[in-house]
Amino acid sequence: MNKDNITIVKTTNGKAKPSENALGFGKYFTDHMFVLDYDIDNGWHSPRVVPYEPITLDPAAMVFHYGQTVFEGLKAYYGTNGKTMLFRPEKNVERLNRSCNRLSIPEIDEELFLKGLKTLIAVEKEWIPKEDGTSLYIRPFILPTETNLRVAPANSYKFIIILSPVGAYYAEGIHPVAINVEKEYTRAVLGGTGTAKTAGNYCAGYKAQKKASEQGAAQVLWLDGVEKKYIEEVGSMNIFFKINGEVVTPELNGSILEGITRMSIIELLKKWGIPVTEKKISFEEFVQAYEDGIVEEVFGTGTAAVISPVGEFRFQDKIMIINNRETGELSKKLYDTITGIQTGKMEDELNWTIEV
Ligand SMILES: *Cc1c(COP(=O)(O)O)cnc(C)c1O
């Protein structure tokens, strides 16, 4: 048998589907999952779609101890004429493998990943919600399964894809949020794991997020880990500024996560002929532009929200209000265009989507 043949075992016990207007994020999971195993002798092998179920591991399985994990996040959309659409999934595979490389996890064959994903989605087609703004969130991840407490890369892993129907991010329309500028905690530092989607990066941010929440802000603005001077990201999103008619975003510097939404926005802006620059942006420089009255829009970007406008920054006892706490024109246009392309409502001139 071909090593890449995907076997399918269907559940005999399908779950009831949740109501589409109360999905939230990451609360419900579909009936099946895709699984692939790795060991030293066989490499990645035994691709299969099986009923969604708990996994049993030894308490000494390495995943519980040293955090050698990676994950991805993308979505399948219910498109016009009932099509199932994916947005640039090959970029997620490439990034997963870059994350694997950083975490010393064996890389996955890109074709096999995409084939597994498409097979799983085809089996779960009925789970893709149809309401405006809803989607089927896709969470691929890898965990080390070897039973051993030595501090070194594991010799066995599981790659799993699970699916979760999720609600509209902006159930009540897009609204700009308040952001706390973080000067104490660090998300990532050059030479560390900031460019990888690996578990430890996210729990490392909880303390700062809690502080932000206590101060009434929705998210954290992360500055560089060395000088706490340059702007890096906002929460788990990349960040863009429109200043004096030009768009700027922090350049990829070895600690910023390379967002696929970020990449797509840069490509769209270039296509539209709007000046866009990737460069180092110091927080001081932003404050100066703010005081000069030339900051027009600020927004975060990521798969979950697509565009998340920033309404204000809070730094010490200073509050800086952006665009009257309203969603900017460019933010709105980018949101409408990207979501339009994702669902097939707008023409996909850049060839970003694929149909499953
Ligand atoms: C996933 C992620 C992003 C956004 O990436 P997308 O591919 O656009 O979803 C940005 N920053 C961090 C830290 C992330 O984990």
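Residues numbered from 1 in each chain as written. Predicted model: local features only at pLDDT ≥ 70, side-chain atom pairs only at ≥ 80, totals over all residues. Heavy atoms only, no water.

A.B. asks: Where do I start with the domain arrangement of the protein chain in this structure?
C.D. replies: How big an interface is tends to be reported as the loss of accessible area on association of its parts. Domain annotation of the protein chain identifies domain 1 (7-166) and domain 2 (177-343). The C-alpha-based centres of domain 1 and domain 2 are spaced at 28 Å. Facing the 22 residues of domain 1 at the interface are 21 residues of domain 2. For the pair domain 1 and domain 2, the two sides together bury roughly 1900 Å², of which 57% comes from carbon and sulfur. Here domain 1 is connected to domain 2 by two salt bridges. Across the salt bridge formed by Arg88 and Glu267, the nearest N and O atoms sit 3.2 Å from each other. Class assignment of the residues belonging to the side of domain 1 that touches domain 2 gives a composition of eight nonpolar, seven polar and seven charged. (Domains from an automatic or database assignment. Contact = heavy atoms within 4.5 Å. Buried area = accessible area lost by both parts, 1.4 Å probe. Salt bridge = Lys/Arg side-chain N within 4 Å of Asp/Glu carboxyl O. Nonpolar A, V, L, I, M, F, W, Y, C, P; charged D, E, K, R; others polar.)

A.B. asks: Which parts of the structure should I look at to understand the packing of helix α2 (residues 89-102) against helix α3 (residues 110-123)?
C.D. replies: The angle between the axes and the distance between the axes are what describe a pair of packed helices. Two elements in contact, α2 and α3, have axes separated by 10 Å at closest approach and are oriented at 130°. Judged on the interaxial angle alone, α3 and α2 are oblique. Remark: the crossing between α2 and α3 carries right-handed chirality. Side by side, α2 and α3 meet where Pro89, Glu90, Val93, Glu94, Leu96 and Asn97 of the first sit next to Glu110, Phe113 and Leu114 of the second. The residue inventory of the contact of α2 with α3, partitioned by class, reads five nonpolar, one polar and three charged. (Axes fitted to C-alpha atoms, helices over the stretch in contact; angles between N-to-C directions. Helix = DSSP H or I, 4+ residues; strand = E, 2+ residues; numbered from the N terminus. Parallel < 35°, antiparallel > 145°, perpendicular 65-115°, else oblique. Left-handed = near helix turned anticlockwise from the far one by under 90°.)

A.B. asks: Any chance you could explain the environment of Val306 here in plain terms?
C.D. replies: With respect to the helices, strands and loops of the structure, Val306 is situated in strand β16 (residues 306-315). The class for Val306 is buried, based on a relative accessible area of 5%. Not counting residues within four places of it along the chain, the set of residues in contact with Val306 comprises Thr261, Gly300, Thr301, Tyr335, Ile338, Thr339 and Gln342. (Buried < 20%, exposed > 50% of the residue type's maximum accessible area, 1.4 Å probe, protein only.)

A.B. asks: When you look at the nonpolar core in this model, what are you seeing that I'm missing?
C.D. replies: One finds Ile138, Ile142 and Phe159 to be the most contacted residues of the largest nonpolar core, which totals 34 residues. Elements represented by at least two residues in this core include exactly β2 (32-39), β3 (43-51), β5 (74-78), α2, α3, β7 (135-144) and β8 (156-166). Contacts of Ile138, omitting those with residues within four sequence positions, involve Glu72, Gly73, Leu74, Lys75, Ala76, Leu86, Leu117, Ile121, Ile161, Ile162 and Leu163. In terms of nonpolar packing, the next biggest core, distinct from the first, is built from 24 residues, Val181, Phe241, Val287 and Val298 among them. (Core = buried A, V, L, I, M, F, W, Y, C linked by side-chain atoms within 4.5 Å.)

A.B. asks: It is not clear to me how a nonpolar patch on the surface should be interpreted in this structure. Could you clarify?
C.D. replies: Where nonpolar side chains cluster on the molecular surface, the patch consists of Tyr66, Leu149 and Val151 and spans about 330 Å² of accessible area. Residue position: Val151 is located in the loop between β7 and β8. (Patch = residues over 30% accessible without salt bridge, like charges linked within 9 Å, V, L, I, M, F, W, Y side chains within 5 Å. Areas by Shrake-Rupley, 256 points an atom, 1.4 Å probe, with all protein chains shown as cover.)

A.B. asks: I tried to follow empty space enclosed by the protein on my own but got confused; where do I start?
C.D. replies: Space left empty within the atom packing is revealed by a probe, the size of a water molecule, rolled over the atoms. Following the criterion strictly, the structure yields one cavity of 30 Å³ or more and no others. Broken down by secondary-structure element, the contributors of at least two residues to the lining of the largest cavity are β15 (295-302) and β16. Split by residue class, the lining of the largest cavity holds four nonpolar, three polar and two charged. (1 Å grid on protein atoms, 1.4 Å probe; cavity = no way out; pocket = protein on both sides within 12 Å on 5 of 7 lines; lining within 4 Å. Points joined across faces, edges and corners; volume = space filled by probe spheres on them.)

A.B. asks: What am I meant to see in the pattern of salt bridges here?
C.D. replies: Pairing between side chains of opposite charge can happen when the charged atoms of each approach one another. According to the stated counting rule, one finds 19 salt bridges in the structure shown. Where salt bridges share partners, they join Asp37, Arg48 and Lys158 into one cluster.

A.B. asks: Which parts of the structure should I look at to understand the site of the ligand?
C.D. replies: As a matter of local geometry, the ligand sits amid 14 residues, with Lys197, Tyr202, Glu233, Thr261 and Thr303 nearest to it. Residue Glu233 places a side-chain N or O atom 2.5 Å away from a nitrogen atom belonging to the ligand. The side chain of Thr303 places a nitrogen or oxygen atom 2.6 Å from an oxygen atom of the ligand. Summarising the interface, the protein chains cover 95% of the accessible area of the ligand, which totals 380 Å² for the free molecule. Residue composition of the shell around the ligand, by class: four nonpolar, six polar and four charged. (Near = heavy atom within 4 Å. Polar contact = N/O pair within 3.5 Å; in protein donor to acceptor, adjacent residues only side chain to side chain.)

A.B. asks: Is there a simple way to think about helix α7 (residues 283-291) in this case?
C.D. replies: Every α-helix winds through 3.6 residues per turn, so residues three or four apart in the chain are directed the same way. Listed as buried for α7 are Phe283, Phe286, Val287 and Ala289. Seen along its axis, α7 keeps its buried residues to an arc of 160°; they face one direction. Residues of α7 that are exposed and point more than 90 degrees away from the buried face comprise Glu284 and Glu291. The positive-phi residue at the C-terminal boundary of α7 is Gly293, with phi of around 75°. (Arc of directions from axis to C-beta.)

A.B. asks: What should I look at first to understand the packing of aromatic side chains in this one?
C.D. replies: Two numbers describe a pair of aromatic rings. These are the distance of the centres and the angle of the planes. As enumerated under the stated definition, the model contains 17 aromatic pairs in all. A centroid spacing of 5.1 Å and a plane angle of 75° characterise the contact between Tyr169 and Tyr170, whose relative ring orientation is edge-to-face. Overall, Tyr169 belongs to the partly exposed group, its relative accessible area being 46%. Residue class for Tyr170 comes out buried when judged on its relative accessible area of 12%. These aromatic residues form a ring-pair network of at least three members: Phe241, Phe283, Phe286, Tyr290, Phe313 and Phe315. For Lys15, the ring lying beneath its charged end belongs to Tyr52, and the centroid distance is 4.6 Å. Positioned above the aromatic ring of Trp127 is the side chain of Lys17, whose terminal nitrogen or guanidinium carbon lies 4.8 Å from the ring centre. (Phe/Tyr/Trp six-rings, centres within 6.5 Å; stacked < 30°, edge-to-face > 60°. Lys NZ or Arg CZ within 6 Å of the ring centre and 35° of its normal.)

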